[in-house]
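# Structural description and commentary
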Amino acid sequence: MTITEMWTQLGSVIAGLMFGWAMFRQYFPDQLRGSFNRYTQRLVGFVYPYLQITFHEYTGERLKRSEVYSAIQSYLSANSSMRANKLKADVVNESHSVVLSMDDHEEITDDFNGIKIWWSSNKITPQTQSFSFYPITEGRRYFKLTVHRRYRNVITNSYIDHVIKEGKAVAVKNRQRKLYTNNPSNNWYGWKATKWSHVVFEHPASFDTLAMATKEKEEIVKDLVKFSKGKSYYAKIGKAWKRGYLLYGPPGTGKSTMIAAMANFLNYDVYDLELTTVKDNSELRKLLIETTSKSIIVIEDIDCSLDLTGQRKPKEKEEDKDGEGQDPISKKEKEEEAENKKSSKVTLSGLLNFIDGIWSACGGERIIVFTTNYVEKLDPALIRRGRMDKHIEMSYCCFEAFKVLAENYLDVESHELFAKIQNLLEETKMTPADVAENLMPKSEDEDEETCLKKLIAALEEAKEEEGRKKSEEEAKLKAEQDKEKDQPAKEDEKGKEIGIAKENGLISNGKEEISIESTKQGDS
């Protein structure tokens, strides 16, 4: 037999095997194919000495990316740059450092206590090919671990835990903190669609630069540290590893800055949840599932987000039903606000379950923050302890907060004008935002003394305005009291007039009557 004939016969055999395999996959029932694969793998197992473990990117109903897969990906990225031939590059952190990871269909080796382990990155491409601008999936990725069977116990008991722990540490070190906002639900589906959009979180706020009393800041910092280290404690007491903060106070008192300082201190991501774009409670739960651990979920101005404040209270009676006497502009604004609130069907019950229900335990190490300017408008069930565990009042600027702002904006720790500013801050109310605006130099010619004098002038003006308003209120109150005092005297005078009229026969039983004499004269 010549070489040409041998290659011809070999080609015929291979073509026959391929045809038989195609016919087998096309026409044999799934049950029969499953049994065939099962017994084939069992036969191969007698001669193949290796153990294989697969870790898929998505598990179950693809509600959430597997944390184990992400940890393995981070772990391998630290080892693959020196060993793999095909790499993927990604830029992280503010320094724009490049992190390399293993590309699809690539394999590297790892050593653990003298054991050689193979890792491969794989991707299953969908069999059905269809032309679409929005493909359903790009393929299912997974990692495959291969090791000799004699090391089964070491791998399952020690190595996998080691990989997950190291991978999470690498992810925390390399991750780029992000600020998320939720997308409208009609944008959740399609090609590469997501429920959250994000940008890099670069807010520079910290507790050192936060305008607040030192004692209050220290209390908040200690609370955050205790929470971040409380995983085993929360598991012991049977509570989800989360904590709620309610920030309340007038506008301009630093509520948003406080959130940024908390995120920077804990190195957490921030999820800014806009409730008006969430259609119902089901969408709210789906958004919660998509959030990660080590994050702060924020709902700002919750008293304005949805009509959640009065659902447990009887509806107030409508005044001026015909709209008479109302400002057309304010009426239109109220109608637009009501329309926005009606477009969302998120209920108070749904929001309570989001904060403290069963679904709130999905994931861990989360902080939920509500902010409001009017805490008295919120339903007590929404802000009770256990949901909003810590209530923080963001009040007007005190002298300690002023000194922080003066150091931030002017690099001044003490000045002869500080005493006068302290007295004025004790006598009048001004928000940290207004104080900061007055302290900020507006030109190169303004020095610290000019800015401090500008602040003093603003405080004195605010003090005069408060005094004027107080005088007007007192005058108004006095007028009302005088009116109330005059009311009984007028009633007594009216009572006397009625008594005199009764004596003269002009009034009987509260009604006017014509006297008999007048009647007779009329008859004549």
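Preceding this section is the structure that the text describes.
The structure displayed is predicted, hence computed values, not measured ones.

Before going further, it helps to examine the sheet that holds strand 1 (residues 50-56). The antiparallel open sheet is built from four strands, whose spatial order is 1-6-5-4. A strand with exactly one partner marks an edge of an open sheet, and here the two such strands are strand 1 and strand 4 (106-112). Neighbour-to-neighbour, the strand axes of the sheet open up by a mean angle of 25°, direction not taken into account. Summarising the sheet, strand 4 and strand 5 (residues 115-124) pair through seven bridges and their orientation is antiparallel. Across the sheet, the residue bridging to T109 is W118, located in strand 5. Lying on the sheet, helix 3 (residues 67-80) is in contact with strand 1, strand 4, strand 5 and strand 6 (140-148); it crosses strand 6 at an angle near 65°.

Glancing now at the packing of helix 5 (residues 214-228) against helix 7 (residues 255-266). Between helix 5 and helix 7, the least distance of the axes is 11 Å, while the angle of their chain directions is 45°. When the interaxial angle is binned, helix 5 and helix 7 end up oblique. Of the two elements, helix 5 crosses helix 7, and the hand of that crossing is right-handed. Judged by residue contacts, I220, V221, L224, V225 and S228 of helix 5 engage M258, M262, F265 and L266 from helix 7. A breakdown of the residues in the contact of helix 5 with helix 7 according to their chemical character gives eight nonpolar, one polar and no charged.

Taken together, the side chains of I3, M6, W7, L10, I14 and M18 present a nonpolar region at the surface, about 670 Å² in accessible area. Tracing the backbone shows W7 in helix 1 (residues 3-27).

Bringing unusual backbone geometry into the picture now. Here the phi dihedral of N113 falls at roughly 55°; this positive angle occurs in a residue that is not glycine. In this structure, N113 sits in the loop between strand 4 and strand 5. By relative accessible area, which is 68% here, N113 ends up exposed. Phi is positive for D411, close to 55°, though the residue is something other than glycine. Residue position: D411 is located in the loop between helix 13 (399-410) and helix 14 (418-427).

Okay, the packing of aromatic side chains next. For the structure on display, the rule yields 15 aromatic pairs. Residues Y50 and W118 carry aromatic rings whose centres are separated by 5.7 Å and whose planes lie at 90° to one another, so their mutual orientation is edge-to-face. Of this pair, Y50 sits in strand 1 while W118 sits in strand 5, placing them 68 residues apart in sequence. For Y50, a relative accessible area of 31% translates into the label partly exposed. In textbook terms, an aromatic cluster arises when at least three aromatic residues are bridged by ring pairs, as seen for F55, F112, W119 and Y159. It is R243 that lies over the ring of Y245; its NZ or CZ is 5.9 Å from the centre. Geometry around Y374 places K377 over its ring, the cationic atom sitting 4.6 Å from the centre.

Parameters at a glance
Residues numbered from 1 in each chain as written. Predicted model: local features only at pLDDT ≥ 70, side-chain atom pairs only at ≥ 80, totals over all residues. Heavy atoms only, no water. Pairing = 2+ DSSP bridges. Helix = DSSP H or I, 4+ residues; strand = E, 2+ residues; numbered from the N terminus. Axes fitted to C-alpha atoms, helices over the stretch in contact; angles between N-to-C directions. Contact = heavy atoms within 4.5 Å. Parallel < 35°, antiparallel > 145°, perpendicular 65-115°, else oblique. Left-handed = near helix turned anticlockwise from the far one by under 90°. Nonpolar A, V, L, I, M, F, W, Y, C, P; charged D, E, K, R; others polar. Patch = residues over 30% accessible without salt bridge, like charges linked within 9 Å, V, L, I, M, F, W, Y side chains within 5 Å. Areas by Shrake-Rupley, 256 points an atom, 1.4 Å probe, with all protein chains shown as cover. Salt bridge = Lys/Arg side-chain N within 4 Å of Asp/Glu carboxyl O. Buried < 20%, exposed > 50% of the residue type's maximum accessible area, 1.4 Å probe, protein only. Phe/Tyr/Trp six-rings, centres within 6.5 Å; stacked < 30°, edge-to-face > 60°. Lys NZ or Arg CZ within 6 Å of the ring centre and 35° of its normal.

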